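Understanding the architecture of this molecule
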Amino acid sequence: MFDSLGELKRTGYCGDLRVADAGRNVILMGWVHRRRDLGNLIFLDLRDRAGLCQVVCNRDKYPEAHAKADEVRPEYVVAVEGRVNRREKPNPEIATGDVEVLATRLYILNNAKTPPFQIEDDTTASEETRLRYRYLDLRRRKPHKNIALRHRIVFEIRKALDELGFYEIETPMLTRSTPEGARDYLVPSRVHNGQFYALPQSPQIFKQILMISGMDRYFQIVRCFRDEDLRADRQPEFTQLDLEMAFPRQQDIFEVIERVMERVMGVIGANVRRPFRHMLYKDALRRYGSDKPDLRFGMELQDVTKFFESARATFGVEGNVYALVAQGAAAWSRKQLDDLGELAKGLGAKAIYTIKVTPEGVSSSLEKTLGKDALTQLAKGVGAKRNDLIVAIAAKEQIAHGDAAAMVAGQVRLRLAEQLGLVNKDRWEFAWITGFPLFEWSETDKRWVSAQHPFTGIIEEDLDKLEDEAKRGEIRSKGYDLVLNGVELGSGSIRIHRQDIQARLFKALGLSDETARRRFGFFLDALTYGTPPHGGIALGIDRIAALLAGEKSLREVIAFPKTTAAQDLMAESPSEVEEEQLDQLGIALKPKEKPTASGA
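On a predicted model such as this, the values are computed, not experimentally measured, just so you know.

For the rest of this paragraph, the subject is the pattern of salt bridges. Counted by the stated rule, this structure contains 47 salt bridges. Residues E467 and R504 are paired through a salt bridge, measuring 2.9 Å at the closest nitrogen-oxygen approach. Of this pair, E467 sits in the loop between strand 19 (447-450) and strand 20 (479-484) while R504 is found in helix 13 (residues 499-508), placing the two residues 37 residues apart along the sequence. Under the relative-accessibility criterion, R504 is labelled partly exposed at 26%. Residues joined by salt bridges that share partners form a network here, namely R130, R134, D137, R140 and E556.

Here's what the structure looks like:
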């Protein structure tokens with residue numbers, strides 16, 4: 001039944017055929033996407049990574065090819081020898097719709113079971129089923145296009161950085177555990193019984209050592225691993241562009257990344273303006289309620305606290321009150337307003353108030369409490385026009401390094417923009433966010449903890465505050481984030497390059513010399529041998545690819561992703577291992593404790 005490939009050589013891809021190929025003899029190979037039997041004629045839609053083309057098997061002209069076509073079914077693997085002809089009835093739905101291939105010979109290279117779902121873009125299969133049969137899911141055009149886009153993005157990054165004088169250098173996958181931030185994935189050592197490697201959460205220390213080594217400009221498209229709870233924008237293993245430079249100003253790093261991202265955006269034909277916008281962290285929170293603001297539309301937050309001062313006791317709120325002006329939304333229904341209120345309260349708002357600006361003036365349930373004149377002044381103060389809706393939001397309490405009401409208002413801003421159609425899907429707005437705090441207060445530990453990784457540089461004017469616990473919340477870092485359309489693409493910083501400052505920071509974080517030496521000893525030693533000023537950044541390749549592909553989930557741009565439970569359904573991992581393997585590693589599994597009954 002099956003034919004051998006033998007010396008048969010493919011002449012090109014199915015999806016690349018065009019009118020200019022009419023008259024050519026071709027050899028195509030791929031999967032049978034669809035089969036239509038009309039008696040003397042059997043039509044096969046043949047699919048490969050470039051797309052589809054129609055193959056005609058004519059019993060009167062080439063009976064052997066027709067007989068073979070009678071045997072095939074969807075997803076059979078076949079090869080076709082034939083001639084490219086113009087189609088009498090073109091199909092505008094596919095790129096090859098003006099031509100077809102008249103098969104002179106057909107080879108059946110392999111058969112296939114009936115797939116658990118149709119290999120179509122608009123499949124109704126659940127994500128769980130698609131991930132379990134990922135090798136079939138990837139045959140669909142949409143995920144195939146996403147993977148191809150990802151390749152072009154990475155290829156363009158490599159070309160751009162090579163032109164800018166960067167070396168691509170690999171750093172170790174098996175390294176030591178440095179318990180900072182997320183949990184490590186540990187790898188037991190058979191040779192060194194009882195000891196463990198850790199998979200890297202980031203090449204951070206190694207890329208800084210490369211700067212100490214004089215490599216000057218390093219980059220890597222690197223796999224990283226974090227054992228943390230997952231969301232649509234998180235995976236336990238992920239890919240990032242990792243980059244480091246010696247002797248840089250902050251602006252030098254920005255210029256490199258802007259050139260790289262300009263090239264990346266060119267992959268989808270998008271033009272971006274350089275230099276990118278700059279914004280301080282505190283200003284981003286105040287104006288947009290987020291440290292990753294979506295700048296494709298306006299609708300900035302406005303502080304209207306002063307209008308609520310007289311009624312603060314009545315409302316029972318603390319902190320500031322922020323307002324948004326939703327243009328043209330005064331006619332919104334009660335249900336729409338109620339849904340908006342539920343969203344805000346679900347995000348932590350104490351209260352949400354709406355004020356409609358109509359031709360007759362302002363109207364709101366607040367009128368009895370604040371008075372008509374105050375509402376009119378509020379509407380004037382926020383620049384609301386006729387037919388606009390003002391949405392004011394108050395939160396229960398303040399939070400460290402931010403304003404709870406502003407953060408809730410920031411989320412409401414995004415929902416309003418979506419409902420009002422303000423988000424231009426074809427617009428790309430980058431921004432650098434700078435001036436992040438170095439420390440944040442941990443309510444759990446009742447102490448100041450690092451808001452960045454512990455090698456982040458400190459603004460020189462704030463160095464004297466390191467030893468003053470009362471002022472640690474005021475210390476600014478030399479960190480920065482790159483944001484695109486409301487998504488954080490990555491973070492970076494100018495690093496600490498002096499061992500005395502690094503020691504002071506560790507002390508401020510409560511790390512003893514012994515603990516610091518145990519965790520980072522080899523790096524601290526390296527700092528003492530002439531470390532140059534240096535800095536860098538890491539950008540999420542998965543996030544960049546998802547944004548450019550228009551996908552909401554990173555899983556759609558990763559060939560073999562994990563589920564939100566950190567499982568690979570196709571490979572059935574993680575999995576148990578043989579007892580013999582555990583014995584070789586000197587590992588005994590501890591039984592998981594069963595929850596005890598109440599009162600036991």
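Further remarks concern unusual backbone geometry. Most peptide bonds take the trans configuration, and most residues that are not glycine carry a negative phi. Residue P275 follows R274 across a cis peptide bond; omega there is -5°. Relative to the helices and strands, P275 resides in the loop between helix 6 (250-266) and strand 11 (277-280). A cis amide bond links S573 to the next residue, P574, at an omega of 0°. Its location among the elements puts P574 in the loop between helix 15 (541-549) and helix 16 (579-585).

This part is about the sheet that holds strand 6 (residues 167-168). Across a sheet, paired strands are connected by hydrogen bonds in the backbone, their directions being either parallel or antiparallel. As summarised here, the arrangement of the 8 strands in space is 6-9-10-22-21-20-17-11, forming an open sheet in which the pairing is mixed. The sheet is open, and its two edges are formed by strand 6 and strand 11, each paired on a single side. Two elements, strand 21 (residues 487-494) and strand 22 (residues 534-540), share 5 bridges in a ladder whose sense is antiparallel. Following the sheet pairing, S493 is matched in strand 22 by G536. Lying over the sheet, helix 7 (residues 281-288) contacts strand 11 and strand 17 (430-434), oriented at roughly 90° with respect to strand 11.

A cluster of acidic side chains, namely E578, E579, E580 and D583, defines a negative patch on the protein surface. Under the relative-accessibility criterion, E580 is labelled exposed at 57%.

Time to look at helix 12 (residues 404-419). With 16 residues, helix 12 should reach 22 Å at 1.5 Å per residue; the first-to-last C-alpha distance of 23 Å fits that figure. Taken together, the buried positions of helix 12 are occupied by A404, A405, A406, V408, A409, G410, V412, R413, L416 and A417. Where helix 12 is buried, its residues touch helix 7, strand 13 (321-326), helix 9 (334-346), strand 14 (349-358) and strand 16 (389-395). Of the residues trailing helix 12, G421 is marked for its positive phi of about 70°.

With that out of the way, let us pick up the environment of N85. Inspection of the secondary structure assignment puts N85 in strand 4 (residues 77-86). Overall, the relative accessible area of 25% leaves N85 in the partly exposed class. If sequence neighbours within four positions are ignored, N85 has contacts with D98, V99, E100 and L102.

Position of S364 among the secondary structure elements: in the loop between strand 15 (361-363) and helix 10 (367-370). S364 sits in the buried class, given a relative accessible area of 16%. At a separation of 3.0 Å, a polar atom in the side chain of S364 contacts the main-chain amide nitrogen of L366. Once residues within four sequence positions are removed from consideration, S364 is found in contact with T354, I355 and L375.

Here we come to empty space enclosed by the protein. Applying the stated criterion to the full structure yields 1 cavity of 30 Å³ or more. Looking at the largest cavity, its volume works out to about 40 Å³. Sorting elements by how many residues they give to the lining of the largest cavity places helix 12 first, with 3 residues. Here the residues of the lining of the largest cavity sort into 3 nonpolar, 2 polar and 3 charged.

Mapping R134 onto the fold places it in helix 3 (residues 134-137). A distance of 2.5 Å separates polar atoms of two side chains, one belonging to R134 and the other to D137. With residues near it in sequence (within four places) discarded, R134 still touches R555, I558, A559, F560, P561 and M570.

Each value, and the rule that gives it
Residues numbered from 1 in each chain as written. Predicted model: local features only at pLDDT ≥ 70, side-chain atom pairs only at ≥ 80, totals over all residues. Heavy atoms only, no water. Salt bridge = Lys/Arg side-chain N within 4 Å of Asp/Glu carboxyl O. Helix = DSSP H or I, 4+ residues; strand = E, 2+ residues; numbered from the N terminus. Buried < 20%, exposed > 50% of the residue type's maximum accessible area, 1.4 Å probe, protein only. Pairing = 2+ DSSP bridges. Contact = heavy atoms within 4.5 Å. Axes fitted to C-alpha atoms, helices over the stretch in contact; angles between N-to-C directions. Patch = residues over 30% accessible without salt bridge, like charges linked within 9 Å, V, L, I, M, F, W, Y side chains within 5 Å. Areas by Shrake-Rupley, 256 points an atom, 1.4 Å probe, with all protein chains shown as cover. Lys, Arg positive; Asp, Glu negative; His and termini not counted. Charge placed at Lys NZ, Arg CZ, Asp CG, Glu CD. Expected span 1.5 Å × (residues − 1). Polar contact = N/O pair within 3.5 Å; in protein donor to acceptor, adjacent residues only side chain to side chain. 1 Å grid on protein atoms, 1.4 Å probe; cavity = no way out; pocket = protein on both sides within 12 Å on 5 of 7 lines; lining within 4 Å. Points joined across faces, edges and corners; volume = space filled by probe spheres on them. Nonpolar A, V, L, I, M, F, W, Y, C, P; charged D, E, K, R; others polar.

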